[in-house]
Amino acid sequence: MKPITIIVTIALALFSFELIAHGVDDNTKNFLANLEGVAIVPFLYIGAKHMVTGYDHLLFLVGVIFFLFKPKDILIYVTFFTIGHSLTLLLGVLNKISINPYLIDAIIGFSIVYKGFDNLGGFERMLGKQPNTKIAVLIFGLIHGFGLATKLQELALPDDGLWQNLLAFNVGVELGQFFALLLILLLISYWRRYASYMKFASLTNLLLMSCGFMLMGYQLTGYYLN
């Protein structure tokens, strides 16, 4: 597989027609509306599906791991992201903390722009130093979690078995994140064998930023029109 093919493969994987419909589809809403009490398996599945089709979350993770070459570093940063979105997912739903879905998704789009800009060394050139990346990943993880919480609250889940179902959903999210990240890491690891990885590093991160800006524009347009 040629290196440039890997870029195209990742792009297609993240922006397939199914992924563009990111969110909770009508079939899932109808299915959940008829559930009562604890439903571990359905929420595991829905959580995993949501993350695997969550192009915004995955684009951010691509930015996070792009220049991480050691497994230990990848684990640390992904853990920071996981802690952040798990915390606000649970607290957001249980405490009914809701944010306008268009605005929260626009901020998530901004997180992609931020990470691409950070990878390009933009902050070092502008500010003379790079902001603490771990703290940034944790903060954006918190924001991504509120995005998940906002989408779940749209379903008006019953209180009966709520916290068990939320835990199952969160575990499903982590499973989906693991398998999606594994695929991305395999593609990136293969690409790193070629000199083109660093050659196209700036272009790849510019594309990440472009995707983030498009997501921001799309969500802000939705906010002002609704």
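Further up the page is the structure itself.
Only a predicted model underlies this, so the values are computations on that prediction, with no experimental measurement involved.

## Remarks on unusual backbone geometry
In step 1: One non-glycine residue, K96, lies in the positive phi region at around 55°.
In step 2: In this fold, K96 is placed in the loop between α6 (71-94) and α7 (101-119).
In step 3: By relative accessible area, which is 61% here, K96 ends up exposed.

## Concerning the packing of helix α5 (residues 55-65) against helix α9 (residues 133-153)
In step 1: Axis separation between α5 and α9 bottoms out at 11 Å; the angle between their running directions is 170°. With respect to each other, α5 and α9 are oriented roughly antiparallel. Every residue of α9 that contacts α5 at D56, H57, F60 and V64 is listed here: V137, F140, H144 and L148.
In step 2: Each residue belonging to the contact of α5 with α9 can be placed in one class, and the counts come to 5 nonpolar, 2 polar and 1 charged.

## Quick word on the packing of aromatic side chains
The relative placement of two aromatic rings is captured by the distance of their centres and the angle of their planes.
In step 1: Applying the stated criterion across every chain, the model contains 15 aromatic pairs.
In step 2: With a centroid separation of 4.9 Å and 80° between ring planes, the pair formed by W191 and Y197 is classed as edge-to-face.
In step 3: The class for W191 is buried, based on a relative accessible area of 2%.
In step 4: Among the aromatic residues, those joined into a ring-pair cluster are F60, F81, F110, Y114, F117, F123 and F140.
In step 5: The side chain of R192 reaches across the aromatic face of F69, ending 4.2 Å from its centre.

What counts, and where the lines are drawn
- Residues numbered from 1 in each chain as written.
- Predicted model: local features only at pLDDT ≥ 70, side-chain atom pairs only at ≥ 80, totals over all residues.
- Heavy atoms only, no water.
- Helix = DSSP H or I, 4+ residues; strand = E, 2+ residues; numbered from the N terminus.
- Buried < 20%, exposed > 50% of the residue type's maximum accessible area, 1.4 Å probe, protein only.
- Axes fitted to C-alpha atoms, helices over the stretch in contact; angles between N-to-C directions.
- Parallel < 35°, antiparallel > 145°, perpendicular 65-115°, else oblique.
- Contact = heavy atoms within 4.5 Å.
- Nonpolar A, V, L, I, M, F, W, Y, C, P; charged D, E, K, R; others polar.
- Phe/Tyr/Trp six-rings, centres within 6.5 Å; stacked < 30°, edge-to-face > 60°.
- Lys NZ or Arg CZ within 6 Å of the ring centre and 35° of its normal.

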